[in-house]
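Single-letter residue listing:
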Amino acid sequence: MKRQLIHSFEEIISLENLFSAWQEFYRGKSSKKDVQLFVANLIDNIVALHEDLANKTYRHGGYEQFGISDPKPRQIHKAQVRDRVLHHAIYRILYPAFDTVFIADSFSCRTNKGTHKAMDRFQALAYKVSKNHTRTCWVLKCDIKKFFASIDHEVLIGILKERIADKNIIWLLQNVVGSFSIGKPGTGLPLGNLTSQLFCNVYMNEFDQFVKQKLKAKHYVRYADDFVFLSENQEWLNGQIPRIQEFLERKLKLRLHPDKIYIKSFAAGVDFLGWIHFPKYRRLRTVTKKRMFKRIKESPKPETLQSYLGVLSHGDSYGLAEEVISDYWLFSKKSF
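Residues numbered from 1 in each chain as written. Predicted model: local features only at pLDDT ≥ 70, side-chain atom pairs only at ≥ 80, totals over all residues. Heavy atoms only, no water.

What follows deals with the overall build of the protein. Helix and strand counts for the protein stand at 14 helices and nine strands. Taking all 336 residues of the protein together, the buried fraction comes to 47%. The long-range share in the protein, meaning contacts at least 24 apart out of those at least 6 apart in sequence, stands at 69%. For the protein, the accessible surface area stands at approximately 17,300 Å², while carbon and sulfur atoms represent 51% of it. (Helix = DSSP H or I, 4+ residues; strand = E, 2+ residues; numbered from the N terminus. Buried < 20%, exposed > 50% of the residue type's maximum accessible area, 1.4 Å probe, protein only. Contact = heavy atoms within 4.5 Å. Areas by Shrake-Rupley, 256 points an atom, 1.4 Å probe, with all protein chains shown as cover.)

Given below as C-alpha cells:
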C-alpha cells in the first residue's frame, strides 16, 4: 500500500492560503490587464473564490490559447486569473507533500533541482559507471511521444487517489484536471498550468518507482519526459527497452518516441537536455546554437545576452560566448 499524504481540503481553500497564493502569483504580472482587473476588487474576488470552493460550487473556467517556440512550436493554454490563483494555492500545499515521495534523480520542476543539476548528475553517474572513464559507459536515451497531450485523466486521478484520502481534495483536483483536454476527451494537460508541473511528476513517479523497484536500475536520471539509463552492460540496457515500453503503455497509456530511442557509448557523445555530453566536457547542441544566434539577431537586448551567457557558463563554451558577445554588439548597434 502506498504511503498516503497528510493534507486537508480546508488548508488548501483557506483565505490565508488563497491570499498567500495570490502574492506568489502576482509577482511580475502587475502590468497584465486581466491581473489589473482582478486586483481592482482583490478582496471580494478572493473571498468569492473561497466561498465557491467551500460550497463546492466552483467550476474551473476556460483557457486562452497562444503559441510559442521553445524551441519547437508549442501551444500554451492560459487559464483565467482566479483559476491560476487556485493553482498556486493547490501547489503550495500539495507540492511539498508529494516531493517527499519522488526519487532523488527526478529533476524537473522541483525545488533545488533543474536542468543544470540534472546534467551534472548525469555526468557524475557516467564518471562512476565508467570507473573514471577507464571503461565503456553505455547510455540508453528515451523520451515520450507527445507527453503532455497523452496524459490520461482517469489514470492520473487514480494515482492521486492512492496518495490522497480526502475526497474533497480529489473533487477539486478532478475539477482542475477535467477543465482541459486535447485530442480525445479525457486526455492531456495544459502547458500553462502550474498544477500541470506537479501532476506530471506525480504521473511519472509511477515510472520512476518501477525503474528503481522492478528494473533495479541504479543509474537513471529523468527530467520531465526525457530520461537516461547508464550501465557498463549494453545488452542489459537493450533488454530493458521492451519492459519500459510495456509498463508505459499498460500502466500510464504513454508511448516512447520511436525516433528518439538509442543506445550509445558516453565517449561518443550523448545528447541530453540541449547539450552533447562527453567524458571531460559538454558542448551546446548545434540546433540550440543556431536558435541562440537567431534570437540575438532578432532581439539584441542586454537581458537576452545575459541569459545566453548564463546558459553557456554551464559548458565548455568560451569561444562560443565570445561569438555571442560579438554578435550582440554588432546587432545592437544596427538597431539604433
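Below, the discussion takes up the pattern of salt bridges. Counting across every chain of the model gives 13 salt bridges. Across the salt bridge formed by D99 and R110, the nearest N and O atoms sit 2.7 Å from each other. Of this pair, D99 sits in helix 5 (residues 81–99) while R110 sits in the loop between helix 5 and helix 6 (115–129); the two residues are eleven residues apart in sequence, bridging distant segments of the chain. Accessibility expressed as a relative area gives 11% for R110, which makes it buried. Here R250 and E246 are joined by a salt bridge, their closest N and O atoms 2.8 Å apart. With R250 and E246 both in helix 11 (residues 234–252) and four residues apart, this pair spans about one turn of that helix. For R250, a relative accessible area of 54% corresponds to the exposed category. What you see here is one network of salt bridges that share partners, running through D34, E64, K78 and R84. (Salt bridge = Lys/Arg side-chain N within 4 Å of Asp/Glu carboxyl O.)

Right, let's talk about a positive patch on the surface for a bit. A surface patch of like charges, here positive, comprises K128, K131, R135 and K218. Since its relative accessible area comes to 57%, R135 is described here as exposed. (Patch = residues over 30% accessible without salt bridge, like charges linked within 9 Å, V, L, I, M, F, W, Y side chains within 5 Å. Lys, Arg positive; Asp, Glu negative; His and termini not counted. Charge placed at Lys NZ, Arg CZ, Asp CG, Glu CD.)

This part covers the sheet that holds strand 3 (residues 138–143). With antiparallel pairing, four strands are arranged side by side in an open sheet as 4-5-3-6. The open sheet is flanked by strand 4 (220–223) and strand 6 (262–265), the only strands paired with a single partner. On average, each strand axis in the sheet is tilted by 20° relative to the strand beside it, whichever way the strands run. Two elements, strand 3 and strand 6, share four bridges in a ladder whose sense is antiparallel. Across the sheet, V139 pairs through a bridge with K264, a residue of strand 6. Packed on one face of the sheet, helix 10 (residues 194–213) meets strand 4 and strand 5 (226–231) and runs near 170° to strand 4. Relative to strand 3, helix 11 is tilted by about 20°, and along the sheet it contacts strand 3, strand 5 and strand 6. (Pairing = 2+ DSSP bridges. Axes fitted to C-alpha atoms, helices over the stretch in contact; angles between N-to-C directions.)

Soluble, globular proteins show a tendency: their nonpolar side chains are buried together. In this structure, F98, L160, F207, F229 and L252 are the most contacted members of the largest nonpolar core, which totals 71 residues. Among the elements that line this core, the one with the most residues is helix 5, at eleven residues. Counting residues in each nonpolar core, the second largest holds 20 residues, with F122, V221, Y223 and V228 among its members. (Core = buried A, V, L, I, M, F, W, Y, C linked by side-chain atoms within 4.5 Å.)

Take the packing of aromatic side chains next. What the rule picks out here adds up to 18 aromatic pairs. Centre to centre, the rings of F122 and F272 are 5.1 Å apart; their planes meet at 65°, and the pair counts as edge-to-face. Of this pair, F122 sits in helix 6 while F272 sits in strand 7 (residues 270–272), placing them 150 residues apart in sequence. The class of F122 is buried, set by a relative accessible area of 0%. Seen in terms of ring centroids, F207 and F227 are 4.9 Å apart; in terms of plane orientation they differ by 50°. Their pairing is tilted. Of this pair, F207 sits in helix 10 while F227 sits in strand 5, and the two are 20 residues apart along the sequence. Judged by relative accessible area, F207 falls into the buried class, the value being 0%. Using a relative accessible area of 0% as the deciding quantity, one classes F227 as buried. Connected via pairs of aromatic rings, a cluster forms that spans F207, F210, Y220, F227, F229 and F247. Over the face of the ring belonging to F107 we find K113, whose NZ or CZ atom lies 4.8 Å from the ring centre. (Phe/Tyr/Trp six-rings, centres within 6.5 Å; stacked < 30°, edge-to-face > 60°. Lys NZ or Arg CZ within 6 Å of the ring centre and 35° of its normal.)

Time to look at the confidence of the model for the protein. Summing up the model confidence of the protein, the mean pLDDT is 88 and the portion of residues at 70 or higher is 83%. Between residues 327–331, whose pLDDT stays under 50, and residues either more than four places distant or in other chains, the model counts ten contacts. (pLDDT = per-residue confidence, 0-100.)

On the secondary structure map, A267 appears in the loop between strand 6 and strand 7. What makes A267 exposed here is its relative accessible area of 55%. Between the alpha carbons of A267 and H133 there is a distance of 8.4 Å; along the sequence they are 134 residues apart.

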